[in-house]
Amino acid sequence: MNDFLVQLAQIIGIQYVLTDHEDIAPYLTDWRKRYTGKALAVVLPRATLEIAQIVSLCSSKGVSIVPQGGHTGFCGGATPDASGNQIVLNFKRMNSILEIDAENQTITVEAGCILQNVQEAAAGKGFLFPLSLGAEGSCMIGGNLATNAGGTNVLRYGNARDLCLGLEVVTAKGDIWNGLKGLRKDNTGYDLRDLFVGSEGTLGIITAAVMKLYPLPISQWTTLVATDDIHSTISLLNLFQKRATSLLTGFEMMTHESLALTERHFPHMANPIKGSPPYTVLIELSDHESEAHVRQLLEDVLQEAFESNLISDAIIASNLSQAQGFWHMREHITLAQAEEGANLKHDITVPLSALDGFIRETDALMKAAYPGVRIINFGHLGDGNLHYNIAAPKGVDPKSFNLTNEKPIHELVYAQVERYKGSISAEHGVGQLKLEGLRAHKGEVAHELMKSIKTALDPQNLLNPHKVVSI
Ligand code: FAD
Ligand code: MLT
Ligand code: ZN
């Protein structure tokens, strides 16, 4: 064991400095199996002070650090590079719920808390922690904040950034910034919290957070509806926004192709709406009033939607388990894509008013350029966020298809995103996947500002180098 590893072991204990090939392998490949790196060691600290000491040691030795939560990110942000000179700092041992403040409606958690555990801890005290995504059983709150995760409740409660009131962060110098305040107002100069949220481990290491809680809804109704096109789907969204206002907590769009793929890999997840409609939309209403009140509202809005020819079919979940089945079907699209083989993800957003044009035009360009290509298009339509994912034509090996076509396909989609004034990353972040694309997308001035921030906060380029921006 070299001197550096001995010193690491002195800080956290030798059993928490993993170096054995078999022990570290699970930490070196990302969820999509797109990136595999190497590492000097995987370290598993238990306390903020230990992390501060690790960072100071790394700073003195010039060793860079890759923070890692559940390693479910889609952009390779938590995967080390191929040099073998980095350490992975995994948060799985920093998993305590520190406090639930019922009066302030906040929860304070360590960064390694699994998202679902935070939701359950909040629910146990009668609160809703609204961040919700398909990976919630394994992603961690530190990773959620570092990526500014979105998910299925954003249209009502906002993304991870909107839910965060305070942070504790270890800086690149090894200092501890204690910003763990549960304040809803704080105008004391630059917003350091917002700087670290969404920075993907490149500016500081998030060790704990104060997050907002909400009263737990007492009634929830979930429905699946069939629509013919995007234009009517957006009109339907607008109708629900107008009639249900803040009761609208979910509006997820799934194309026929997305659900056919899901059914092929998970036959028990077949779309309960028969006839393979072009679009199936999952809508959820939640409230703090009686079940009957929300049910009536839902029925009224659906009736109006039928009469205006916005929808052709609808099924309202009659119980919790059926509602969960609808959500599982939605969440299994990503898993079905993974089963199908490598695919090209585009996590994009455009203004809702531009979405119809974007999809029509991009679909046409894609199909003309890549005959037989499968467009697996679904997403958080309520936020204008599409997962415009591309799979190889049936019968074509996905790996060789991607090898030849990945770059031009990304260019095609991103050129369309620019044309429609959108963003090339709505919720998944940048990581290493979109590092190159970011410069052109943000523009020179914004990119230079981002580099200045990185240089000022991490002059040695120790924290997750070559992710988000390269300096
Ligand atoms: P990781 O993957 O471990 O890390 C992500 C980034 O954060 C890396 O750059 C890492 O270095 C950094 N990081 C991690 N922890 C810290 C820390 N404590 N301090 C500083 N930096 C840190 N994402 C969505 O936004 N919406 C979705 O709907 C969604 N659905 C998903 C469904 C599935 C099935 C899967 C597999 C993923 C999904 N994701 C989704 C992507 C992913 O789950 C999120 O990006 C999540 O926020 C990542 O959390 P994590 O703990 O796994 O982070
Ligand atoms: C989801 O919303 O399910 C994921 O963010 C999308 C994806 O797998 O591309
Ligand atoms: Zn998503």
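Summary of the structure given here. Since the structure is predicted, the reported quantities are computational estimates derived from the model, not experimental observations.

**Some remarks on the site of ligand 2**
Thinking step 1. Every residue near ligand 2 is listed here: F74, R330, T334, K345, F378, H380, H387, N389, E427 and H428.
Thinking step 2. Within the side chain of R330, one N or O atom sits 2.7 Å away from an oxygen atom of ligand 2.
Thinking step 3. The side chain of H387 places a nitrogen or oxygen atom 3.1 Å from an oxygen atom of ligand 2.
Thinking step 4. Across the complex, the protein chains shield 89% of the 270 Å² of accessible surface that ligand 2 would expose by itself.
Thinking step 5. At the level of elements, α12 (320-340), β17 (374-380) and β18 (385-391) are the ones that each hand at least two residues to the shell around ligand 2.
Thinking step 6. For the shell around ligand 2, a count of residues per class yields 2 nonpolar, 5 polar and 3 charged.

**Digging into helix α11 (residues 291-307)**
Think of an α-helix as 3.6 residues a turn; residues three or four steps apart then line up on the same face.
Thinking step 1. Spanning 17 residues, α11 covers 24 Å between terminal C-alpha atoms, matching the ideal 24 Å at 1.5 Å per step.
Thinking step 2. V294, L297, L298, V301, L302 and A305 are the residues of α11 that are buried. Projected down its long axis, α11 carries its buried residues within an arc of 130°, all on one side. Of the residues in α11, the exposed ones pointing more than 90 degrees away from the buried face are A292 and E307.
Thinking step 3. Lining the buried residues of α11 we find β12 (219-227), α9 (230-244), β14 (279-287) and β15 (313-316).
Thinking step 4. With its phi angle positive at about 60°, N309 sits one or two positions after the end of α11.

**Describing the packing of aromatic side chains**
Thinking step 1. In the structure shown here, the tally under the stated rule is 6 aromatic pairs.
Thinking step 2. Centroid distance W177 to F196: 5.9 Å. Interplanar angle 35°. Geometry classified as tilted. Note that W177 is positioned in strand β9 (residues 176-179) and F196 in helix α8 (residues 192-196), a separation of 19 residues in sequence.
Thinking step 3. Each member of the aromatic cluster is reached from another via a ring pair, and the members are F358, Y388 and Y420.
Thinking step 4. One cation-aromatic arrangement involves R93 over Y16; the distance from NZ or CZ to the ring centre is 3.4 Å.
Thinking step 5. Across from the ring centre of W221, 4.8 Å away, lies the NZ or CZ of R295, which sits over that ring.

**So, the coordination of the zinc ion (ligand 3)**
Thinking step 1. Protein-derived ligands of the zinc ion (ligand 3) are H380 (NE2), H387 (NE2) and E427 (OE), with the metal-ligand distances lying across 1.9 to 2.2 Å.
Thinking step 2. Summarised as a motif, the one-chain spacing of the donors to the zinc ion (ligand 3) is H-x6-H-x39-E. A residue pair is termed long-range when its members are at least 10 positions apart, and H387 in strand β18 and E427 in the loop between α14 (398-419) and α15 (435-442) qualify at 40 residues. E427 matches H387 in its accessibility class, with the two residues each being buried.

**Focus on the sheet that holds β9**
Thinking step 1. The antiparallel open sheet is built from 5 strands, whose spatial order is β5-β6-β10-β8-β9. In this open sheet, the two edge strands, each paired with only one partner strand, are β5 (97-101) and β9. Taking each pair of neighbouring strands and ignoring which way they run, the sheet shows an average axis angle of 15°.
Thinking step 2. Summarising the sheet, strand β8 (residues 164-171) and strand β10 (residues 204-212) pair through 7 bridges and their orientation is antiparallel. By the bridge assignment, E168 is partnered in β10 with A208.
Thinking step 3. In this fold helix α3 (residues 48-61) packs onto β8, β9 and β10, with an angle of close to 40° to the strand it touches most, β8.
Thinking step 4. Each of β5 and β6 (106-110) touches helix α4 (residues 115-124); the most contacted strand, β5, lies at about 35° to it.

**Topic: the packing of helix α1 (residues 3-12) against α3**
Thinking step 1. Where α1 contacts α3, the two axes come as close as 9 Å, and the packing angle between them is 165°. By the angle class used here, α1 and α3 are roughly antiparallel. The handedness of the crossing between α1 and α3 is right-handed. For the pair α1 and α3, contact is made by D3, F4, Q7, L8, I11 and I12 and by E50, Q53, I54, L57, C58 and K61, respectively.
Thinking step 2. Per-class residue counts for the contact of α1 with α3 are 7 nonpolar, 2 polar and 3 charged.

**Digging into unusual backbone geometry**
Thinking step 1. The backbone of S276 sits at a positive phi, close to 45°, despite the residue not being glycine.
Thinking step 2. Turning to its location among the elements, S276 is positioned in the loop between α10 (256-265) and β14.
Thinking step 3. The class for S276 is partly exposed, based on a relative accessible area of 47%.
Thinking step 4. The backbone phi angle of N461 is positive, close to 55°, even though this residue is not glycine.

**Notes on the site of ligand 1**
Thinking step 1. Taken together, 36 residues surround ligand 1, and among them P67, G69, G70, T72 and M140 come closest.
Thinking step 2. G77 is positioned such that a nitrogen or oxygen atom in its backbone is 3.3 Å from an oxygen atom of ligand 1.
Thinking step 3. At 3.1 Å, a side-chain N or O of N464 approaches an oxygen atom of ligand 1.
Thinking step 4. Computed on the free molecule, ligand 1 has an accessible area of 980 Å², of which 96% lies beneath the protein chains in the complex.
Thinking step 5. The set of elements that each furnish at least two residues to the shell around ligand 1 consists of β3 (64-68), α5 (141-147) and β10.
Thinking step 6. Looking at which element gives the most residues to the shell around ligand 1, the answer is α5, with 5 residues.
Thinking step 7. Class assignment for the residues of the shell around ligand 1 results in 14 nonpolar, 20 polar and 2 charged.

Calculation rules
Residues numbered from 1 in each chain as written. Chains lettered and ligands numbered in written order. Predicted model: local features only at pLDDT ≥ 70, side-chain atom pairs only at ≥ 80, totals over all residues. Heavy atoms only, no water. Near = heavy atom within 4 Å. Polar contact = N/O pair within 3.5 Å; in protein donor to acceptor, adjacent residues only side chain to side chain. Areas by Shrake-Rupley, 256 points an atom, 1.4 Å probe, with all protein chains shown as cover. Helix = DSSP H or I, 4+ residues; strand = E, 2+ residues; numbered from the N terminus. Nonpolar A, V, L, I, M, F, W, Y, C, P; charged D, E, K, R; others polar. Expected span 1.5 Å × (residues − 1). Buried < 20%, exposed > 50% of the residue type's maximum accessible area, 1.4 Å probe, protein only. Arc of directions from axis to C-beta. Contact = heavy atoms within 4.5 Å. Phe/Tyr/Trp six-rings, centres within 6.5 Å; stacked < 30°, edge-to-face > 60°. Lys NZ or Arg CZ within 6 Å of the ring centre and 35° of its normal. Donors = N, O, S within 2.8 Å, 3.2 Å for Na, K, Ca; no water. Pairing = 2+ DSSP bridges. Axes fitted to C-alpha atoms, helices over the stretch in contact; angles between N-to-C directions. Parallel < 35°, antiparallel > 145°, perpendicular 65-115°, else oblique. Left-handed = near helix turned anticlockwise from the far one by under 90°.

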